[in-house]
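The chain contents come next:
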Amino acid sequence: MESPRTWLAPLSAVPAGLGQAGAAERLRLTVLSAGHALLGIPALVLALLMVGAFPALLSLTGFFVLWLVVPLAALLAGVHRKVAGRLLGETVVADYAETTEKNPFTTVFVWGRDPARWRDFAFCWFSGTGGLLMSLIPVFFLIGPTAHMIVGLSMGNWLWFAIASVLLGPSLLVWWFVTVPIVRGRVRADSGILDHSRIERLRERVDEVVQSRSATVDHNEAELRRIERDLHDGAQARIAATGMSVGLAEKLVHTDPDAAVELLREARDTTISALEDLRTLVRGIHPPVLADRGLTGGIESLAIPIPIPVTVALNLPRLAPPVESAVYFAVAECLANVAKHARATRAWVTGAYDGDMLRLTVGDDGRGGADPAGSGLSGVARRLSIFDGTLTVISPEGEGTEVRMEVRCRAR
C-alpha cells in the first residue's frame with residue numbers, strides 16, 4: 001500500500017509524455033481530484049451553516065452553531081492546506097488569532113475579526129461550488145463514457161452503448177491533457193485562498209525590520225560607549241601618564257640622571273601597556289584573525305583555549321567583514337557558555353554555506369537546559385538579527401545543547 005507521501009508527491013514530478021508512468025500519475029491526480037470533490041460537499045454544508053448562524057447571533061443558537069462549525073471549517077481547511085502544500089512543494093500558513101484563554105462568547109468575536117477565519121469561510125464556499133465542479137472534470141472525462149456504456153448494457157439500449165463507446169476515446173484524450181492543469185489550478189486556488197496573505201507577511205516583515213533597525217542602533221550606541229570608556233580608562237590614561245613621566249624626566253635629566261632613566265623606563269612600560277590595550281580594543285571591534293584567515297580560521301582559533309576537545313568542521317568562503325565579525329563573536333559567546341556552564345566532555349562547531357545562507361551549529365554533550373532568553377544567548381540573537389539572521393536553541397535537560405545560527409549573506 002502506497003504511503004500518503006507518495007499519493008501527495010509534488011506536481012512537478014508528473015511525467016509529460018505518454019507511457020505507463022504518465023498514466024499512473026494522472027490516475028493518482030484523478031483520485032485526489034475526486035477526494036477534493038467529495039470534501040466539497042461538507043464544505044458547502046459548513047458554509048451554509050455559517051451563513052445561517054450570523055442572523056441567529058442574537059440568540060444562543062447562533063453562538064452554538066458557530067462554536068461547532070468554525071472549528072470544523074478550520075479542520076477541513078487544514079486538510080486542504082496540507083494537501084496543497086505537499087502538491088505545490090511549499091508551506092501554506094494559516095496564522096489563526098489566539099483564543100486559548102478566551103471565554104466562548106469572546107472567542108466568537110475574535111473569530112469575527114480574524115482574517116484567517118474569513119479565509120476558511122471563503123474557502124468553504126469555493127470548495128462547495130466552483131471548486132467541486134472543477135474537481136469533477138477529470139473524474140467525469142475518465143469514467144463518464146465507461147459509466148454510460150455500463151448503463152446502456154444494463155438497460156439493453158444498444159444505441160446508448162454505441163454512442164458511449166464512440167465517445168470513450170475522445171474522452172480519455174481530453175482526460176489525459178486536462179487532468180494535470182485542472183488539479184494544479186485547484187490546489188493553486190486553495191493555496192491562494194487559505195495561505196497567510198502576502199500583505200500580512202509584508203507587514204510582519206516591516207515590523208521585523210523596524211525592530212532589527214532599533215536593535216542595531218542600540219547595539220551601535222552601546223559599542224560606541226564601550227569603546228569610548230575603554231579608551232578613556234585604558235590607553236588614554238596610560239598615554240597621559242607616559243607624557244607626564246617623559247616631561248618629568250626631561251626636567252631631571254641634568255640634575256638627577258638616574259631618576260630620569262627610571263622615569264623613562266616606566267614611560268616605556270606604560271607605552272607597551274597602552275599598545276596592548278589598543279590591540280585588545282581593536283580585537284573587540286574586528287579581530288585581526290578574521291582579516292588574515294577568514295571566519296573558518298577565526299573559529300578554529302576560538303576553539304584552541306577551550307578546556308575540552310572542540311571539533312571544528314567548517315567549509316566556508318570569505319564573507320563580508322561585518323557578517324564574519326558578527327558570527328565570530330556569536331560563536332565565541334556560545335563556546336564561552338560551553339566552557340562555563342555546560343559541564344560537557346566535548347563540543348563541536350559545524351557549518352556550511354550554500355551560496356545564499358550561512359548555517360552554523362555549536363553543540364555540546366553537557367547538561368543542557370540552556371535558556372534562549374538569557375543575557376548571553378539573547379545578545380547573540382540580537383547580534384545576528386542585525387543581518388536578518390536567526391538563532392535556534394535546542395537544549396533538553398541532560399541531553400546537551402545545540403545552538404543553530406542562520407544568516408543570509410553573500411560571499412566575497
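Presented here is an overview of the structure given in this document. Quick caveat: nothing in here was measured; it's all calculated off a predicted structure. (Residues numbered from 1 in each chain as written. Predicted model: local features only at pLDDT ≥ 70, side-chain atom pairs only at ≥ 80, totals over all residues. Heavy atoms only, no water.)

1. Re the sheet that holds strand β1 (residues 310–315)
In space, the 5 strands of this open sheet follow the order β1-β2-β3-β5-β4, with mixed pairing throughout. Of all the strands in the sheet, just β1 and β4 (390–394) have a single pairing partner and so form its edges. Strand-to-strand twist in this sheet, taken as the mean axis angle between neighbours without regard to direction, amounts to 10°. Direction of pairing for strand β2 (residues 347–353) relative to strand β3 (residues 357–364): antiparallel, over a ladder of 7 bridges. Paired with V349 across the bridge in β3 is V362. Where helix α10 (residues 288–303) meets the sheet, its contacts fall on β1, β2 and β3, and the angle it forms with β1 comes to roughly 180°. Sheet contacts for helix α11 (residues 321–342): β1, β2, β3 and β5 (401–408); angle to β3, the most-contacted strand, approximately 10°. (Pairing = 2+ DSSP bridges. Helix = DSSP H or I, 4+ residues; strand = E, 2+ residues; numbered from the N terminus. Axes fitted to C-alpha atoms, helices over the stretch in contact; angles between N-to-C directions. Contact = heavy atoms within 4.5 Å.)

2. Focus on the pattern of salt bridges
The final tally for this structure, using the stated rule, is 11 salt bridges. Notably, a salt bridge pairs R293 with E300, separated by 3.2 Å at the nearest N-O pair. Taking the relative accessible area as the measure of exposure, E300 reaches 33% and is therefore partly exposed. Close ionic contact of E406 with R359 constitutes a salt bridge, the shortest N to O distance being 3.3 Å. Taken as a pair, E406 in strand β5 and R359 in strand β3 lie far apart in primary sequence, 47 residues in all. One connected set of salt bridges, linked through shared partners, spans D354, R359 and E406. (Salt bridge = Lys/Arg side-chain N within 4 Å of Asp/Glu carboxyl O. Buried < 20%, exposed > 50% of the residue type's maximum accessible area, 1.4 Å probe, protein only.)

3. Side note on the side chain of T179
Note on placement: T179 falls in helix α7 (residues 158–194). Taking relative accessible area as the criterion, T179 reaches 0% and is therefore assigned buried. Apart from residues lying up to four places away in sequence, T179 is in contact with R26, L29, T30 and P138.

4. What about the side chain of D114?
By secondary structure assignment, the location of D114 is in the loop between α4 (104–113) and α5 (115–128). Within the local environment of D114, its side chain forms a polar contact with the backbone nitrogen of A116, the two atoms lying 3.1 Å apart. Those residues within four positions of D114 in sequence are excluded, and the remaining contacts are D95, Y96 and A97. (Polar contact = N/O pair within 3.5 Å; in protein donor to acceptor, adjacent residues only side chain to side chain.)

5. Focus on the pairing of β3
With 7 of its 8 residues buried, β3 lies for the most part within the structure. As consecutive antiparallel partners, β2 and β3 are separated by 3 residues, and within that stretch G355 has a phi angle of approximately 100°, a positive value. Bridge count between β3 and β5: 8 bridges; the pairing is antiparallel. Paired with R359 across the two strands is E406, which belongs to β5.

6. Here we look at unusual backbone geometry
Phi at R343 takes a positive value of approximately 55°, unusual for a residue other than glycine. Relative to the helices and strands, R343 resides in the loop between α11 and β2.

7. Considering the packing of aromatic side chains
Following the criterion strictly, the structure yields 3 aromatic pairs and no others. Consider the rings of W118 and F121, whose centres lie 5.8 Å apart with planes at 85°: the pair is edge-to-face. Here W118 pairs with F121, and both are found in helix α5, just 3 residues apart, close to one helical turn. Take F121: its relative accessible area is 15%, and that puts it in the buried class. Ring centres of F140 and F141 lie 5.4 Å apart, and the angle between their planes is 75°; this geometry places the pair in the edge-to-face category. By relative accessible area, F141 is classed as partly exposed at 24%. Above the plane of the ring of W176 lies R26, whose end atom (NZ or CZ) is 4.2 Å from the centre. (Phe/Tyr/Trp six-rings, centres within 6.5 Å; stacked < 30°, edge-to-face > 60°. Lys NZ or Arg CZ within 6 Å of the ring centre and 35° of its normal.)

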